Protein chains: 2
Amino acid sequence: MLSNKAKYGIKAVLYLAQFEGEPVQIAAIAETQNMPKKFLDAILLELRNAGILRSKKGKGGGYTLALPARKITIGQIVRALDGPLAPIACASRNAFRPCDDCTSVDLCEVRAVMLEVRDAIAAVLDHTSVDDLRHRRHQVEPLLIYDI
Amino acid sequence: MLSNKAKYGIKAVLYLAQFEGEPVQIAAIAETQNMPKKFLDAILLELRNAGILRSKKGKGGGYTLALPARKITIGQIVRALDGPLAPIACASRNAFRPCDDCTSVDLCEVRAVMLEVRDAIAAVLDHTSVDDLRHRRHQVEPLLIYDI
DNA sequence: ATTTTGTCTACCAAATCTATAGATTATATG
DNA sequence: CATATAATCTATAGATTTGGTAGACAAAAT
């Protein structure tokens, strides 16, 4: 599940990517992107602490990307704000934690599928950069094509 | 995110699949599978209402699969218990709902990636049946292979 | 020194998750 | 019919997470 926090975070980074290097203030992002300013405060701070953004205080300050847009993946942003991508902790590759009720981690069928799911999610999010997303054709295909 | 509810639900269905047609009582599932009985009560009821399980009251009663195990997918179970697979409502194909803060659904980049994610998740869960999972070799590959 | 802008600490309301308790209803069997 | 069995329904409740808000503080530019 993608929280509002992560959604705002992605949108904010996407917005920042438009201003190569030039600092943008929180207030400007909040207004143009339609997000609560104070909430965005905390989000941008987390992204800064994760090394995705850079900040500058005082007049003329604001936030910028800490890396080129093609080096920042959506996966990094989501992980920084929502934690591991895996649907369940025992299926996480970077933050594994066994279930309390599980007798055998290795034989758990639920874990087996959820590992596949986590890999499928990571395959998408870790291979989509902010730059990719910005230049993507987002033509929405008719829903019927995908309904099985 | 997979809730405990859905995890218990999958495990319970998997367990039921071992007893072709023969009713199994909630208490028996709860004990052998290490789940809170009363919680499981509610879960099995939901799965019954979703047409995945069948129940029989009274002596000799219990729960059975309502369909052959190869006709029940993990996707069905998860949807019945946790709702839509999509990470965000605007990216759901069966339960679409636009975001409050979104100005243009069609042009939203977040939605575009999340649609891909939802398809990736569904591809796994809708193509894995209870039967598949039961007979799967669940050898766990070394984690390193998948770390990119 | 003052203004601007990010940073930090605390707090809070609402929703969701994870159950639990207890009464009730249907079914099989003697 | 009486009884035991097992699912079902209703109600409630604690814990955690989500989605914020308020206000003081710190750094930088002018």
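Our structure's up above, just so we're on the same page.
It should be emphasised that the depicted structure is a prediction, and the values quoted were computed from it without experimental measurement.

Re helix 5 (residues 109–125) of chain B
- For helix 5 of chain B, which comprises 17 residues, the first-to-last C-alpha distance of 25 Å matches the rise-based estimate of 24 Å (1.5 Å per residue) to within 8%.
- Burial of helix 5 of chain B is extensive: 14 of the 17 residues sit out of reach of the surface.

Some points on the protein's contact with DNA strand C
- Taken together, 24 residues surround DNA strand C, and among them Ile26(A), Ser55(A), Tyr63(A), Lys38(B) and Phe39(B) come closest.
- Within the backbone of Gly58(A), a nitrogen or oxygen atom sits 3.4 Å from a sugar or linking oxygen of DNA strand C.
- One of the side-chain N or O atoms of Lys38(B) is found 2.3 Å from a base oxygen in DNA strand C.
- Elements represented by at least two residues in the surface near DNA strand C include exactly helix 3 (37–49), strand 1 (53–56) and strand 2 (62–65) of chain A together with helix 1 (4–16) and helix 3 (37–49) of chain B.
- Looking at the surface near DNA strand C residue by residue, the classes come out as 7 nonpolar, 7 polar and 10 charged.

Things to note about the pairing of strand 2 (residues 62–65) of chain B
Residue and element names in this part refer to chain B.
- Covered by surrounding structure in strand 2 are Gly-62 and Thr-64 together with Tyr-63 and Leu-65, the residues of both alternating faces.
- Note: strand 1 (residues 53–56) against strand 2, 4 bridges, orientation antiparallel. Counterpart to Lys-56 in the pairing with strand 2 is Gly-62.
- Counted along the chain from strand 1 to the antiparallel partner strand 2, the turn is 5 residues long, and its residue Gly-58 has a positive phi close to 75°.

Here we look at the state of the cysteines
- Across all of its chains, the model carries 0 disulfides over all chains by this definition.
- Cys99(A) takes part in no disulfide bond, and the closest cysteine sulfur, belonging to Cys90(A), lies 3.8 Å away.

Some words on the layout of surface pockets
- As a volume, the largest pocket reaches approximately 700 Å³.
- Residue lining of the largest pocket: 34 residues in total, with Met1(A), Leu85(A), Pro87(A), Met1(B) and Leu2(B) positioned closest to the centre.
- Taken together, the elements giving at least two residues each to the lining of the largest pocket come down to helix 4 (74–82) and helix 5 (109–125) of chain A together with helix 4 (74–82) and helix 5 of chain B.
- For the lining of the largest pocket, the class distribution of residues is 28 nonpolar, 4 polar and 2 charged.

Side note on the protein's contact with DNA strand D
- In the neighbourhood of DNA strand D, 25 residues make up the surrounding shell, with Lys38(A), Phe39(A), Ile26(B), Ser55(B) and Tyr63(B) lying closest.
- Among atoms of DNA strand D positioned within 4 Å of the protein, sugar and phosphate together represent 79%.
- Within the backbone of Ile26(B), one N or O atom sits 2.9 Å away from a phosphate oxygen of DNA strand D.
- Listed by contribution, the elements that provide at least two residues to the surface near DNA strand D are helix 1 (4–16) and helix 3 of chain A together with helix 3, strand 1 and strand 2 of chain B.
- The dominant element in the surface near DNA strand D, judged by the number of residues it contributes, is helix 3 of chain B, at 4 residues.
- Its residues placed into classes, the surface near DNA strand D shows 7 nonpolar, 7 polar and 11 charged.

As for unusual backbone geometry
Residue and element names in this part refer to chain A.
- Of note in this structure, Asn-34 is not a glycine but carries a positive phi near 65°.
- Assignment of secondary structure puts Asn-34 in the loop between helix 2 (26–33) and helix 3.
- Using a relative accessible area of 44% as the deciding quantity, one classes Asn-34 as partly exposed.

Remarks on the pattern of salt bridges
All names here are of chain B.
- For the structure on display, the rule yields 14 salt bridges over all chains.
- Here Lys-5 ties to Glu-46 by a salt bridge, and the two come within 2.9 Å at their closest N and O atoms. Here the residue Lys-5 occupies a position in helix 1, and Glu-46 occupies one in helix 3, the gap between them amounting to 41 residues.
- Residue classification places Lys-5 among the partly exposed positions, given a relative accessible area of 22%.
- Using a relative accessible area of 29% as the deciding quantity, one classes Glu-46 as partly exposed.
- Among the salt bridges present, the one from Arg-93 reaches Asp-119, with a minimum N-O distance of 2.8 Å.

A closer look at the environment of Ala12(B)
All names here are of chain B.
- Tracing the backbone through its elements, the reader meets Ala-12 in helix 1.
- Accessibility expressed as a relative area gives 0% for Ala-12, which makes it buried.
- Between the C-alpha atom of Ala-12 and that of Ala-122, which follows or precedes it by 110 residues, the distance is 21 Å.
- Excluding residues within four positions of it along the chain, Ala-12 makes contact with Ile-29, Met-35, Leu-40 and Leu-44.

As for the environment of Asn94(B)
- By the secondary structure assignment, Asn94(B) is in the loop between helix 4 and helix 5.
- Considering only alpha carbons, one finds Asn94(B) and Thr32(B), 62 residues apart in sequence, at a separation of 35 Å.

Rules used in this analysis
- Residues numbered from 1 in each chain as written.
- Chains lettered and ligands numbered in written order.
- Predicted model: local features only at pLDDT ≥ 70, side-chain atom pairs only at ≥ 80, totals over all residues.
- Heavy atoms only, no water.
- Helix = DSSP H or I, 4+ residues; strand = E, 2+ residues; numbered from the N terminus.
- Expected span 1.5 Å × (residues − 1).
- Buried < 20%, exposed > 50% of the residue type's maximum accessible area, 1.4 Å probe, protein only.
- Near = heavy atom within 4 Å.
- Polar contact = N/O pair within 3.5 Å; in protein donor to acceptor, adjacent residues only side chain to side chain.
- Nonpolar A, V, L, I, M, F, W, Y, C, P; charged D, E, K, R; others polar.
- Pairing = 2+ DSSP bridges.
- Disulfide = S-S within 2.5 Å.
- 1 Å grid on protein atoms, 1.4 Å probe; cavity = no way out; pocket = protein on both sides within 12 Å on 5 of 7 lines; lining within 4 Å.
- Points joined across faces, edges and corners; volume = space filled by probe spheres on them.
- Salt bridge = Lys/Arg side-chain N within 4 Å of Asp/Glu carboxyl O.
- Contact = heavy atoms within 4.5 Å.

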